Amino acid sequence: MDPLGGIHHVTAITGDARANAAFYTGILGMRLVKKSVNQDDVSAYHLFYADAQGSPGTDLTFFDWPMTPANQPGVPSMGPIALQVGSLEALDWWQARFAERGVTHSEPGNRRLAFADPEGQRLELVAAGGAPGGEPWLQSPVPAAFQVIGLHGVTLVSARPQQTVDLLTRVLGFRQTDEGVREVFEAGGGGPGTELILERPIEVGMGKQGRGGVHHVAFRVPDERTQLDWLQRVRSAGLQTTDVIDRFYFKSVYFREPGGNLFELATDGPGFTVDEPVGELGQRL
């Protein structure tokens with residue numbers, strides 16, 4: 001069976017779609033490749049930001065739920081979301097940009113720059129060291145050399161960390177690459193875009209999902225046949241999954257890992273150009 005190909009997308013929650021779009025396109029310089037609605041709650045917008053083509057592995061999405069309370073990190077929860085940039089020089093450029101634009105951020109360290117969006121969504125920029133990424137968006141306010149080139153990974157806190165580790169390594173095929181307070185795992189061929197970090201805080205309260213937090217993380221499968229193979233593998237491990245759900249731009253299977261976080265298996269295709277040409281992505285609802 002083909003291994004998981006890393007992270008397909010990460011979906012988070014906003015309470016202000018207009019301000020969200022202004023930050024992720026105007027400040028971060030990502031392309032709004034799809035302006036849609038939540039298929040399970042059509043009263044809510046679903047916004048998709050990615051590279052110029054809307055490539056799998058570059059996609060950060062948001063459900064717009066204005067009435068939801070603020071996110072409360074804890075157990076279980078996910079975040080920060082790590083995004084790739086191409087170099088250490090890019091981190092210096094972003095630190096200066098964040099300072100100029102009043103974006104809450106840290107000092108760069110360990111090839112990472114932590115920051116937050118206006119709703120407190122925890123994010124990181126990670127210098128990927130020349131790893132291939134998505135296609136630059138020519139209309140971005142950010143120079144191509146410094147643009148976000150894709151997802152790097154996501155951090156999670158689990159209510160049952162050892163069971164989460166067992167699922168990742170024994171069922172989903174992740175490899176553990178680092179141990180400690182932050183345990184690092186990689187899927188598929190490893191490297192940028194495949195990283196999942198499991199944190200084990202000494203003291204942490206109950207997490208509560210809301211605006212400024214992560215809803216779920218999706219992992220890549222190349223096609224529907226492979227997705228069905230993985231669905232059966234996850235079910236054989238004793239976990240409950242949804243059936244395959246057609247999300248129009250990809251097909252999805254959802255399940256909760258033993259520690260309480262929501263995972264998704266998403267196909268690479270058919271992609272965001274199924275209903276809009278590349279040059280018009282994200283321009284219409």
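Our subject is the structure listed above.
What you are looking at is a predicted structure, and each value in this text was computed from that prediction instead of being measured.

Asks: Help me understand the sheet that holds strand β4 (residues 59-64) in this model?
Replies: The strands making up a sheet associate through backbone hydrogen bonding, with each pair oriented either parallel or antiparallel. Taken in spatial order, the eight strands make up an open sheet running β2-β3-β4-β1-β12-β15-β14-β13, and their pairing is mixed. Where the open sheet ends on each side, the last strands, each with one partner, are β2 (31-38) and β13 (245-246). Strands β1 (7-14), β2, β3 (41-50) and β4 of the sheet are contacted by helix α1 (residues 17-27), whose axis makes an angle of about 5° with β3.

Asks: Sorry if this is basic, but what is going on with helix α3 (residues 161-171) here?
Replies: Because each turn of an α-helix spans 3.6 residues, side chains separated by three or four positions in sequence point in the same direction. Buried within α3 we find Thr 164, Val 165, Leu 167, Leu 168 and Val 171. The first or second residue beyond α3 is Gly 173, which carries a positive phi of 80°.

Asks: Before we go on, may I ask you to explain the sheet that holds strand β7 (residues 122-127) in this structure?
Replies: One open sheet accounts for seven strands, arranged β6-β7-β5-β8-β11-β10-β9; its pairing is mixed. Strands at the two margins of the open sheet, each flanked by one partner only, are β6 (112-116) and β9 (175-178). Within this sheet the neighbouring strands show an average axis-to-axis angle of 30°, counted without direction. Against the sheet, helix α2 (residues 88-101) engages β5 (77-85), β6 and β7, with an angle of about 25° to β6.

Asks: Before we go on, may I ask you to explain α2 in this structure?
Replies: For α2, with 14 residues, the first-to-last C-alpha span of 20 Å sits near the 20 Å given by 1.5 Å per residue. Taken residue by residue, α2 has Ala 90, Leu 91, Trp 94, Gln 95, Arg 97 and Phe 98 as its buried positions. Buried residues along α2 cover an arc of 170° about the axis, so they all sit on one side. Relative to its buried face, α2 has exposed residues pointing more than 90 degrees away, namely Glu 89, Ala 99 and Glu 100. Turning to α2, the residues buried within the fold contact α1, β5, β6 and β7. Taken from the residues just after α2, Gly 102 is the one with a positive phi, measuring 75°.

Asks: I'm lost on the pairing of β7 in this one. Help?
Replies: Strand residues, when the strand is regular, have side chains that alternate between the two faces of the sheet. Within β7, five of the six residues are buried, which leaves it mostly tucked inside the rest of the structure. In the sheet, β5 pairs with β7 via five bridges, with the strands oriented parallel. Looking across to β7, one finds that Ile 81 is bridged to Leu 123. Sheet topology note: the β6/β7 ladder contains five bridges and is antiparallel.

Asks: What is the right way to look at the pattern of salt bridges in this model?
Replies: Any two side chains of opposite charge can pair, so long as their charged atoms come close to each other. Across all of its chains, the model carries 14 salt bridges by this definition. Glu 124 is paired through a salt bridge with Arg 112; the nearest N and O atoms lie 2.7 Å apart. Here Arg 112 lies in strand β6 and Glu 124 lies in strand β7, a separation of 12 residues in the sequence. As far as burial versus exposure is concerned, Glu 124 and Arg 112 are alike and both buried. For Glu 195, the salt bridge identified is with Arg 112, shortest N-O distance 2.7 Å.

Asks: What's the story with unusual backbone geometry in this structure? I'm lost.
Replies: Most peptide bonds take the trans form, and the phi angle of most residues other than glycine is negative. For the bond from Val 75 to Pro 76, the omega torsion is -10°, close enough to zero to count as cis. By the element assignment, Pro 76 lies in the loop between β4 and β5. The residue after Gly 79, namely Pro 80, is reached through a cis peptide bond having omega 5°. Examined against the element boundaries, Pro 80 turns out to sit in strand β5.

Asks: What's the story with the nonpolar core in this structure? I'm lost.
Replies: One broad trend across soluble globular proteins is that nonpolar side chains are buried collectively. Counting 57 residues, the largest nonpolar core has Leu 125, Leu 172 and Phe 263 as its most contacted members. A total of five residues in this core trace back to one element, the largest contributor, which is α1. Leave out the neighbours within four places in its chain, and Leu 172 touches Leu 4, Leu 167, Trp 230, Val 234, Phe 255 and Phe 263. In this structure, Ala 218, Ala 266, Phe 272 and Leu 281 belong to the second largest nonpolar core, which totals nine residues.

Asks: Explain the packing of aromatic side chains here, please?
Replies: Here a ring pair, both rings aromatic, is described through the centre-centre distance and the interplanar angle of the planes. All chains considered together, the criterion is met by 16 aromatic pairs. Measuring from centroid to centroid gives 5.1 Å for Phe 63 and Trp 65, while their planes differ by 35°, and the two rings are tilted. A residue is classified by how much of its surface remains accessible, and Trp 65, at 24% relative accessible area, is partly exposed. Measuring from centroid to centroid gives 5.3 Å for Tyr 249 and Phe 272, while their planes differ by 45°, and the two rings are tilted. Taken as a pair, Tyr 249 in the loop between β13 and β14 (250-256) and Phe 272 in the segment after β15 (262-270) lie far apart in primary sequence, 23 residues in all. Taking the relative accessible area as the measure of exposure, Tyr 249 reaches 8% and is therefore buried. Overall, Phe 272 belongs to the buried group, its relative accessible area being 5%. Every member of this aromatic cluster is reached through a ring pair, and the members are Trp 93, Trp 94, Phe 98, Phe 115 and Phe 146.

Conventions we followed
- Residues numbered from 1 in each chain as written.
- Predicted model: local features only at pLDDT ≥ 70, side-chain atom pairs only at ≥ 80, totals over all residues.
- Heavy atoms only, no water.
- Pairing = 2+ DSSP bridges.
- Helix = DSSP H or I, 4+ residues; strand = E, 2+ residues; numbered from the N terminus.
- Contact = heavy atoms within 4.5 Å.
- Axes fitted to C-alpha atoms, helices over the stretch in contact; angles between N-to-C directions.
- Buried < 20%, exposed > 50% of the residue type's maximum accessible area, 1.4 Å probe, protein only.
- Expected span 1.5 Å × (residues − 1).
- Arc of directions from axis to C-beta.
- Salt bridge = Lys/Arg side-chain N within 4 Å of Asp/Glu carboxyl O.
- Core = buried A, V, L, I, M, F, W, Y, C linked by side-chain atoms within 4.5 Å.
- Phe/Tyr/Trp six-rings, centres within 6.5 Å; stacked < 30°, edge-to-face > 60°.

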